[in-house]
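Commentary on secondary and tertiary structure
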Amino acid sequence: MATPHTDHEQFLRELEAPYALPVNAVRFYHDNGYIKLKHVLSEPLLTWYGNIITDAVFRLNKLTKPMEERTTYEKAFLQVMNLWREHDTIREFVFSKRLARIATELMGVKGVRLYHDQALYKEPSGGITPWHADQFYWPLSNDNTITVWIPLQDTPLEMGPLAFAEASQHIAIGRDKEISDESEAMLTQALKQFEIHETPFELGEVSFHSGWTYHRAGVNASEKPRKVMTMIYMDKDICITEPTNSYRTNDWKTWLDALPVGSVANGKLNPVLYTLE
Ligand SMILES: O=C(O)CCC(=O)C(=O)O
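Now for a look at the structure at hand. Nothing here was measured: the structure is a model prediction, and the numbers come from that model. (Residues numbered from 1 in each chain as written. Predicted model: local features only at pLDDT ≥ 70, side-chain atom pairs only at ≥ 80, totals over all residues. Heavy atoms only, no water.)

Focus: the packing of aromatic side chains
Summed over the entire model, instances satisfying the criterion amount to 14 aromatic pairs. When the ring of Phe-136 is compared with that of Tyr-247, the centres are 5.7 Å apart and the planes differ by 55°; the resulting orientation is tilted. Of the two residues, Phe-136 is situated in the loop between β4 (129–132) and β5 (145–151) and Tyr-247 in helix α8 (residues 246–255); the sequence distance between them amounts to 111 residues. Accessibility expressed as a relative area gives 7% for Phe-136, which makes it buried. With relative accessibility at 31%, the residue Tyr-247 sits in the partly exposed group. (Phe/Tyr/Trp six-rings, centres within 6.5 Å; stacked < 30°, edge-to-face > 60°. Helix = DSSP H or I, 4+ residues; strand = E, 2+ residues; numbered from the N terminus. Buried < 20%, exposed > 50% of the residue type's maximum accessible area, 1.4 Å probe, protein only.)

What follows is the structure, encoded as structure tokens:
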């Protein structure tokens, strides 16, 4: 059944409207490198956009080999990127001012650009997402980068919700590790000194984590896919740095338009999504 026009208009208003951060949220984010926030988006909105995102993920997904033939990375999730370029309705979701404003306020910057979006669907019997920090992959000049992780259903522990090593954004160890069995083994040891925050997400709850915060997710032991949409934002004034590994070189070409090193990361794929008035 088609969604009445008025519902869609209501969703568009919700995606634009400011979210009042709890008073201690900015401090918590800076101290711990992540934050979980409840009731950020409503259930009807997430169900509606979630169905459209899910259709796009299964239409565009290219990873079809059986689970037992996949690498650890491939077992972790189906990964489909920049859905905003594929579907005008998904663009509305990805360009949400409400979410981009939270990212801006948490980082304490003047505004944010999109780095890219990605859907991360952990299939039933999907494996762990090994410990890692995202900024290993990004040739960017400062650490004002942040990912919003948006589950499209309630996500109990058995589905593999995102987990964080609190305040781990301050340590340098492991920053040269790609997502792998090696990063999991090495960081499981190295992160023993940190509190691990691993709790379920209810529908409407989202997390924001910083580019250098270590995070992981458990297996999906349920019978349903763990459907998640994410957007990565960066400080609108961030610059491009010389890529120092092959993943950064690839990201520079794929997401940053291969703009000159030293220039602001303002390629055609990196629109400003929110600026402070
Ligand atoms: O969804 C996952 O399992 C991992 C997510 C992640 O690593 C990220 O969004 O940075």
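Let us keep going from here.
A few points about the pattern of salt bridges
Tallying each qualifying case throughout the model produces 12 salt bridges. It is possible to trace a salt-bridge network through shared partners that takes in Lys-38, Glu-202 and Glu-205. (Salt bridge = Lys/Arg side-chain N within 4 Å of Asp/Glu carboxyl O.)

Considerations on the side chain of Ser-210
In this structure, Ser-210 sits in strand β8 (residues 206–210). On the basis of relative accessible area, Ser-210 is assigned to the buried category, the value being 9%. Those residues within four positions of Ser-210 in sequence are excluded, and the remaining contacts are Tyr-29, Gly-33, Asp-143, Thr-145 and Ile-146. (Contact = heavy atoms within 4.5 Å.)

Quick look at the packing of helix α1 (residues 5–16) against helix α3 (residues 43–60)
The N-to-C vectors of α1 and α3 enclose an angle of 105°; their axes lie 10 Å apart at closest approach. Comparing the axis directions of α1 and α3 gives the class roughly perpendicular. Contacts between α1 and α3 involve His-8, Phe-11, Leu-12, Glu-14 and Leu-15 on the former and, on the latter, Pro-44, Leu-45, Trp-48 and Tyr-49. Looking at the contact of α1 with α3 residue by residue, the class counts come to seven nonpolar, one polar and one charged. (Axes fitted to C-alpha atoms, helices over the stretch in contact; angles between N-to-C directions. Parallel < 35°, antiparallel > 145°, perpendicular 65-115°, else oblique. Nonpolar A, V, L, I, M, F, W, Y, C, P; charged D, E, K, R; others polar.)

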